[in-house]
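# Descriptive analysis of the structure
Listed here are the chains, written in short residue letters.
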Amino acid sequence: MSFQLVIAEKPSVARSIAAVIGADEKQTGYWQGGGYLVSWCIGHLVSFAEADQYDEKYCKWRYEDLPILPQPWQFIVPDEKKQQFEIVRSLLNRPDVDSVTAATDAGREGELIFRFVYQMADCTKPVKRLWISSMEDAAIREVFANLRPDSDYDALYQSALCRAKADWLVGINATRLFSVLYHKTLTVGRVQTPTLKMLVDRDAKILRFQKEKYYTVGIQSGSLKAGSGRIASMDEADTLRQACAGASAICSSVKREKKTEQPPKLYDLTTLQREANRLFGFTAKQTLDYAQQLYEKKLLTYPRTDSQYLTEDMGQTVQHLVSDLLGLLPFAQGLDLTPEVGRVLNSKKVSDHHAIIPTSEFVKQGFTGLAESECKLMNLVCSKLLCAVAAPHEYETVTAVFSCAGNEFTAKGKTVLVPGWKEIDQRFHSTLKTDGDEETEALNTLPELAEGQSFSVTANVSEHFTSPPKAYTEDTLLSAMERAGAEDMPENAERKGLGTPATRAAILEKLVQMGFVQRKGKQLVPTKDGINLAVVLPESLTSPVLTAEWENRLTEIAKGNADADEFMAEIEAQVRQLVKTYSCISADKQNLFQSERVIIGKCPRCSENVYEGKKNFYCGNRSCQFVMWKNDRFFEQRKKAFTPKIAAALLKNGKAKVKGLYSEKTGKTYDATVLLADTGGKYVNYRVERKE
């Protein structure tokens, strides 16, 4: 009997596929049955080798060893993944396996994961590709009936390989180069560094911002209110107020405009991450993780997508989905909706995967058994689908201009004519307990007005300030990453911006993890090291335009319209140039990343400053031996942390009041004064002055 081997990206996906195709016998590292073997990778089973595998000299980071340009490239299987790799390798080479199905995630990265394993296992068996957007049983069955040759995805693999090699070359060489120059590990990345630069530029704008005061004069007659433009001085504003008080205002023009606001598009990953951040405070990574869990539970379609449309053959599916959701969602009860499904269908705007929508499995199961975060995300996706197929929102705006005391005053009003999709949106928002700062739109209905109409008015002055630019949140930064460099890109460039929807969340997490960015509530703010790094790096590494151009080239390679070798040659040339240009830096810049030493007090022996180190408090005078160790036995025996506060008091007064010292004799704690007993020897001593 011969078998078809199916290789998924994760164990959970392998389990779902195995259940559908009848591979129900659990073996070590795979499932078997029905003529199938189903195994899995654990993310990247095979990776590029580290630099030191090419040559031992690369164990040390030295300028003279740069640039590192592997020829040929070498690969490794990380220790923790060797067991699963060996299982997959032996399955690939089993004589009774006559064909292989690549069922890793259907995208650039999934293709790379499979090909690396296939090549490392020296396999030459024919490969078919499973390209899937939903983990539902029916969807899995359908794609198994329509497998395509994996060679159809050769260009996609070339694009993935170029991306991975380029990231390795820029990351390894630039990180080593600038770390050696500045004596601190400075991680540089093709996408993360331009993202950091955007945060640093915004931070600089906020710091440079000068707040300016201005005034406006308001006139009022009954419920009718109108305002002046900005006025620079209080005196000028007050003069106008006095002139208007008790005077008549004449309506000089009334302009009415009917406007239509089209329904929103469906979610791609970036718009889902942005709205989940704005409404619920989820980080981009949390949203991706929750969406991935829901996908694996078969409740949501594939989340790593950059399309906001569905394919044209999905019309019937969407029609049924919408009518089922109307009965399932509490906020949609009694809603009168005639879905305009055609608006969300456009096969030309779907490349790898269609927009994110709920599945028919979700309709059957509902919210049962879901965590609160998953419920929030499902509600968000469901409401977006209903909004997207609802009628446009129609309203009328009224702008009335009044003349009073020789000045113009404006009043604006809005009347809703057809609520359309906004009714669904408002119903959904009213059910949320959000962290969001959603502003509910104030509807201001003006009375019937006609030109020439006269009103007797009262007047008042109000004071205002200009606002600084806002710090980035994940919502606004993801949007900026998506648009980065767009104005400098050709109109027809398909992929603009920094990174891809699937990688942006990880980039933000890495910047935080490396200490270049910190989260302050919802805001993302660069740290001192982050600001310095963005300032010292060359434009070739910090410019969003160059990285956006890379992403566009990679997309062209994936379509077969650009040459992979040419792209890699350019990257290598860029790396060589970088190393050549930055051979040394000025002495004053070399200390840019040294952490500022915290002064604790004065040394009792030589009166120099005493600083806090990781493990001790030490005298800054190298010839002086004075040091107080944080793990000193005196404090450890008494189960008390030797804090900077205690150290500062000992240095200042020779004694410190300490609470909660532990007594080994009584087993209880007590408060006491600790004395610094320094005899000038190698070790500093302490003793307790007991409280009477």
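Just so we're clear, the structure is a prediction, and the values are computed from it rather than from any experiment. (Residues numbered from 1 in each chain as written. Predicted model: local features only at pLDDT ≥ 70, side-chain atom pairs only at ≥ 80, totals over all residues. Heavy atoms only, no water.)

Quick look at the packing of aromatic side chains now. Considering all chains together, one arrives at 25 aromatic pairs under this definition. The interplanar angle of 40° and the centroid separation of 6.0 Å between the aromatic rings of tyrosine 611 and tyrosine 618 together place this pair among those described as tilted. Members of the aromatic cluster, connected to one another through ring pairs, are Phe48, Tyr54, Trp73, Phe75, Phe116 and Trp168. In this structure, arginine 230 is placed above the aromatic ring of tyrosine 214, and the distance from its NZ or CZ to the ring centre is 4.2 Å. Over the face of the ring belonging to phenylalanine 617 we find lysine 630, whose NZ or CZ atom lies 5.4 Å from the ring centre. (Phe/Tyr/Trp six-rings, centres within 6.5 Å; stacked < 30°, edge-to-face > 60°. Lys NZ or Arg CZ within 6 Å of the ring centre and 35° of its normal.)

With that settled, the discussion passes to the pairing of strand 20 (residues 609-612). Bridge count for strand 19 (residues 599-602) against strand 20 is three bridges, and the pairing is antiparallel. Paired with lysine 602 across the strands is asparagine 609, a residue of strand 20. In textbook terms, the turn of a hairpin is the stretch between consecutive antiparallel strands, and for strand 19 and strand 20 this stretch comprises six residues, one of which, serine 607, has a positive phi near 65°. Both strand 20 and strand 21 (residues 616-619) contribute to a ladder of three bridges, which runs antiparallel. In the sheet register, valine 610 faces strand 21, and the bridge partner there is cysteine 619. (Pairing = 2+ DSSP bridges. Helix = DSSP H or I, 4+ residues; strand = E, 2+ residues; numbered from the N terminus.)

Quick look at the side chain of aspartate 105 now. Within the element layout of this structure, aspartate 105 appears in the loop between strand 7 (97-103) and helix 3 (108-120). Look at aspartate 105 and you get buried, because its relative accessible area is 7%. Not counting residues up to four positions away in its chain, the partners in contact with aspartate 105 are Glu9, Lys10, Gly110, Glu111, Arg129, Gln292, Tyr302 and Arg304. (Buried < 20%, exposed > 50% of the residue type's maximum accessible area, 1.4 Å probe, protein only. Contact = heavy atoms within 4.5 Å.)

All right, on to the sheet that holds strand 22 (residues 627-629) then. With antiparallel pairing, the four strands of this open sheet are ordered in space as 19-20-21-22. Of all the strands in the sheet, the pair left with one neighbour each is strand 19 and strand 22. Strand-to-strand, the axes of this sheet are offset by a mean angle of 20°, without reference to chain direction. In the packing of helix 22 (residues 644-653) onto the sheet, the strands contacted are strand 19, strand 20, strand 21 and strand 22, and the crossing angle to strand 19 comes to about 15°. (Axes fitted to C-alpha atoms, helices over the stretch in contact; angles between N-to-C directions.)

Okay, the nonpolar core next. Core analysis: the biggest nonpolar cluster contains 86 residues, and Leu92, Phe178 and Phe567 have the highest contact counts within it. Ranked by residues supplied to this core, first place goes to helix 5 (residues 154-182) with 15 residues. Sequence-distant contacts of leucine 92, that is, excluding residues within four places in its chain, are made with Leu5, Ile7, Val100, Val117, Tyr118, Ala121, Cys123 and Lys125. Core analysis: the second largest hydrophobic core is formed by 49 residues, Leu294, Ala332, Leu345 and Ile357 among them. (Core = buried A, V, L, I, M, F, W, Y, C linked by side-chain atoms within 4.5 Å.)

Let us look at the confidence of the model for the chain. Of all residues in the chain, 96% have pLDDT values of 70 or greater, and the mean over the chain is 90. A low-confidence stretch, residues 435-439 stays under pLDDT 50, and its non-local contacts, those more than four residues away or across chains, total 12 contacts. In the model, residues 489-494 has pLDDT below 50 throughout and makes 11 contacts with residues more than four positions away in sequence or in other chains. (pLDDT = per-residue confidence, 0-100.)

Okay, the pattern of salt bridges next. All chains considered together, the criterion is met by 41 salt bridges. Ionic pairing is found between lysine 197 and aspartate 201, a salt bridge with its closest N-O pair at 3.0 Å. Here lysine 197 and its partner aspartate 201 are both found in helix 6 (residues 192-208), four residues apart, which amounts to about one turn of the helix. Relative accessible area serves as the criterion here: at 22%, lysine 197 is assigned to the partly exposed category. As a salt-bridge pair, glutamate 372 and lysine 376 come within 3.8 Å of each other at their nearest N and O atoms. (Salt bridge = Lys/Arg side-chain N within 4 Å of Asp/Glu carboxyl O.)

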